[in-house]
Amino acid sequence: MEVCNTWFVVKKVAQYMADVLEDSRDKVQENLLANGVDLVTYITRFQWDMAKYPIKQSLKNISEIISKQVTQIDNDLKARASSYNNLKGNLQNLERKNAGSLLTRSLADIVKKEDFVLDSEYLITMLVVVPKTSYADWQKTYETLAEMVVPRSTNLLFEDNDSGLFSVTLFRKAIDDFRHKARENKFTVRDFQYNEQEMNADKEEMTRLSTDKKKQFGPLVRWLKVNFSEAFIAWIHIKGLRVFVESVLRYGLPVNFQAMLLQPNKKNMKKLREVLNDLYKHLDSSAAAIIDSAMDIPGLNLSQQEYYPYVYYKIDCNLLDFK
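So, here's what we can say about the structure. (Residues numbered from 1 in each chain as written. Predicted model: local features only at pLDDT ≥ 70, side-chain atom pairs only at ≥ 80, totals over all residues. Heavy atoms only, no water.)

**Topic: the packing of aromatic side chains**
Right, on to step 1. Applying the stated criterion across every chain yields a total of 17 aromatic pairs.
Right, on to step 2. Between the aromatic rings of Phe-116 and Tyr-194, the centroid separation amounts to 5.2 Å while the plane-to-plane angle is 40°, which identifies the pairing as tilted. Here Phe-116 is found in the loop between helix H4 (59-97) and strand E1 (123-131), whereas its partner Tyr-194 is found in the loop between strand E4 (188-190) and helix H7 (196-251), with 78 residues between them in sequence.
Right, on to step 3. Classification of Phe-116 as buried rests on a relative accessible area of 10%.
Right, on to step 4. Under the relative-accessibility criterion, Tyr-194 is labelled buried at 18%.
Right, on to step 5. With centroids separated by 6.5 Å and ring planes inclined at 85°, the aromatic side chains of Trp-138 and Phe-178 adopt a geometry described as edge-to-face. Taken together, the positions of Trp-138 in helix H5 (residues 135-141) and Phe-178 in helix H6 (residues 175-184) put the pair 40 residues apart, joining distant regions of the chain. (Phe/Tyr/Trp six-rings, centres within 6.5 Å; stacked < 30°, edge-to-face > 60°. Helix = DSSP H or I, 4+ residues; strand = E, 2+ residues; numbered from the N terminus. Buried < 20%, exposed > 50% of the residue type's maximum accessible area, 1.4 Å probe, protein only.)

Here it is as structure tokens:
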């Protein structure tokens, strides 16, 4: 990973934090801290971390230390996100089965054992979805949709906004004829067989997935908070590294320059540029040529930056892309 990709890792960790927190996205910003403080505070109080990035080492070694650190965070994020997303996706699939229209949703949590004729060699209970506007038609016609439908065997088991789920009992040999005639009358026969073991297995799977998701949630959020901080701090150190390198390239040795933070309002941006250009345009004579032949430090890409007669790097703290 090139050092310049650190920003993308910072943004990925922040955005995944928002995805994981789901309904609590308004609180995401509160969790995106660097060294325990908000991002602007960290930047304005920035001091080089001598322990992590010893300045006695070469620029190349420092950039490699940062690169390895951020690559590890990125790889860990991919693994953790994959595991959590698979779990979340499986749970959502099960939840979708238990929601929606009676035409498609699971019926396991609606029906009861006593709704069915079970263990009969000749009789079977079927489930039929009937539009609410057709309840009267169903009651009038269901006994005549096929031969050998048990009279007065229908019961309304459940309703949603559009339809009702009715049970009806008939002889097994009449199943195909009943299905056909029901379809002609715009009644939908659901393919459902009461199997207590399978229904309990689905409920247990949903409980297991929900429990596993809750168990992973806390540690995952803590990992994201810690590693967002680490990645953001690494990114700001890269900014410091780049300011130093380009300042030396432009203005030479010995080192004699001052770095500072400016946070203008949008309406003052143009005016600020004009003032800075007036102040520092005398420094412009050979800077372009120096930048074009910038020293080969992986990830710095100096020649691709916006060019002004002074060294300039933007720090964008807008990390979240909410839809």
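And the narrative resumes.
**Brief notes about the layout of surface pockets**
Right, on to step 1. One number sums up the size of the largest pocket: a volume of about 1,800 Å³.
Right, on to step 2. Taken together, 42 residues line the largest pocket, and the ones lying closest to its centre are Met-260, Leu-261, Leu-262, Tyr-313 and Ile-315.
Right, on to step 3. Elements that contribute at least two residues to the lining of the largest pocket include exactly helix H3 (39-44), H4, H7 and helix H8 (269-280).
Right, on to step 4. Per-element tally for the lining of the largest pocket: the top contributor is H7, with eight residues.
Right, on to step 5. The residue inventory of the lining of the largest pocket, partitioned by class, reads 29 nonpolar, eight polar and five charged. (1 Å grid on protein atoms, 1.4 Å probe; cavity = no way out; pocket = protein on both sides within 12 Å on 5 of 7 lines; lining within 4 Å. Points joined across faces, edges and corners; volume = space filled by probe spheres on them. Nonpolar A, V, L, I, M, F, W, Y, C, P; charged D, E, K, R; others polar.)

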